[in-house]
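Secondary and tertiary structure notes
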Amino acid sequence: MTDPQAPSTPDATGRSLADIVRTTIADVLGTTPDEISDSTDLEADHGVDSLELMAVGAQLERALGVQISPEDLMRADNVGHAIALLTERTADR
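The model shown is predicted, which means the values in this text are computed figures rather than measured ones.

On to the layout of surface pockets, then. Here the largest pocket is characterised by a volume of approximately 290 Å³. What lines the largest pocket is a set of 19 residues, among which Leu42, Glu43, Leu53, Leu73 and Ala76 lie closest to the centre. Elements with a minimum of two residues in the lining of the largest pocket: helix 1 (17-29), helix 2 (42-46), helix 3 (50-64), helix 4 (70-75) and helix 5 (79-91). In terms of residue count, helix 3 provides more of the lining of the largest pocket than any other element does, four residues in total. Split into classes, the residues belonging to the lining of the largest pocket amount to 12 nonpolar, three polar and four charged.

Interhelical geometry of helix 1 versus helix 5 gives an angle of 125° and a closest axis separation of 10 Å. Here helix 1 is positioned oblique relative to helix 5, judged by the angle of their axes. The handedness of the crossing between helix 1 and helix 5 is right-handed. Taking contact as the criterion, the partners of Leu17, Ala18, Val21, Arg22 and Ile25 in helix 1 are, on helix 5, Val79, Ile83, Leu86, Thr87 and Thr90.

A few words on the nonpolar core. In terms of nonpolar packing, the biggest core is built from 21 residues, with Val21, Ile25, Leu60, Leu64, Val79 and Leu86 touching the most fellow members. Only helix 1, helix 3 and helix 5 provide two or more residues apiece to this core.

In this model, helix 5 (13 residues) spans 18 Å end to end at C-alpha, consistent with the 18 Å of a helix rising 1.5 Å per residue. Along helix 5, the residues that are buried comprise Val79, Gly80, Ala82, Ile83, Leu86 and Thr90. In an axial view of helix 5, the angular spread of the buried residues amounts to 150°, which keeps them on one side of the axis. Those residues of helix 5 that are exposed and aimed more than 90 degrees away from the buried face are Glu88 and Ala91. Close packing links the buried residues of helix 5 with helix 1, helix 2, helix 3 and helix 4. For helix 5, the N-terminal cap is Asn78; the gap from its side-chain oxygen to the backbone nitrogen of Gly80 is 3.1 Å.

Reading the values: rules and limits
- Residues numbered from 1 in each chain as written.
- Predicted model: local features only at pLDDT ≥ 70, side-chain atom pairs only at ≥ 80, totals over all residues.
- Heavy atoms only, no water.
- 1 Å grid on protein atoms, 1.4 Å probe; cavity = no way out; pocket = protein on both sides within 12 Å on 5 of 7 lines; lining within 4 Å.
- Points joined across faces, edges and corners; volume = space filled by probe spheres on them.
- Helix = DSSP H or I, 4+ residues; strand = E, 2+ residues; numbered from the N terminus.
- Nonpolar A, V, L, I, M, F, W, Y, C, P; charged D, E, K, R; others polar.
- Axes fitted to C-alpha atoms, helices over the stretch in contact; angles between N-to-C directions.
- Parallel < 35°, antiparallel > 145°, perpendicular 65-115°, else oblique.
- Left-handed = near helix turned anticlockwise from the far one by under 90°.
- Contact = heavy atoms within 4.5 Å.
- Core = buried A, V, L, I, M, F, W, Y, C linked by side-chain atoms within 4.5 Å.
- Buried < 20%, exposed > 50% of the residue type's maximum accessible area, 1.4 Å probe, protein only.
- Expected span 1.5 Å × (residues − 1).
- Arc of directions from axis to C-beta.
- Polar contact = N/O pair within 3.5 Å; in protein donor to acceptor, adjacent residues only side chain to side chain.

This is how it looks when you write it as structure tokens:
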């Protein structure tokens, strides 16, 4: 499910930041990116714990080439909020 409001700056492969985030989360959770929307609350909707969140963060760091603190990801209310935080972080590099 792609949100028209989501950041659309493509990476080297042509994927948007939102697509990278959704795909990474889906990989860690063992689901499909279609199951991850901007309104998805990883803890409430998928029972994600801090270790899984750290795995998501580590994969996103590798994919995006930026440092992401676990606290930043834990502060995000939902996937859309995490995408917005990462958009700011990647703009700074």
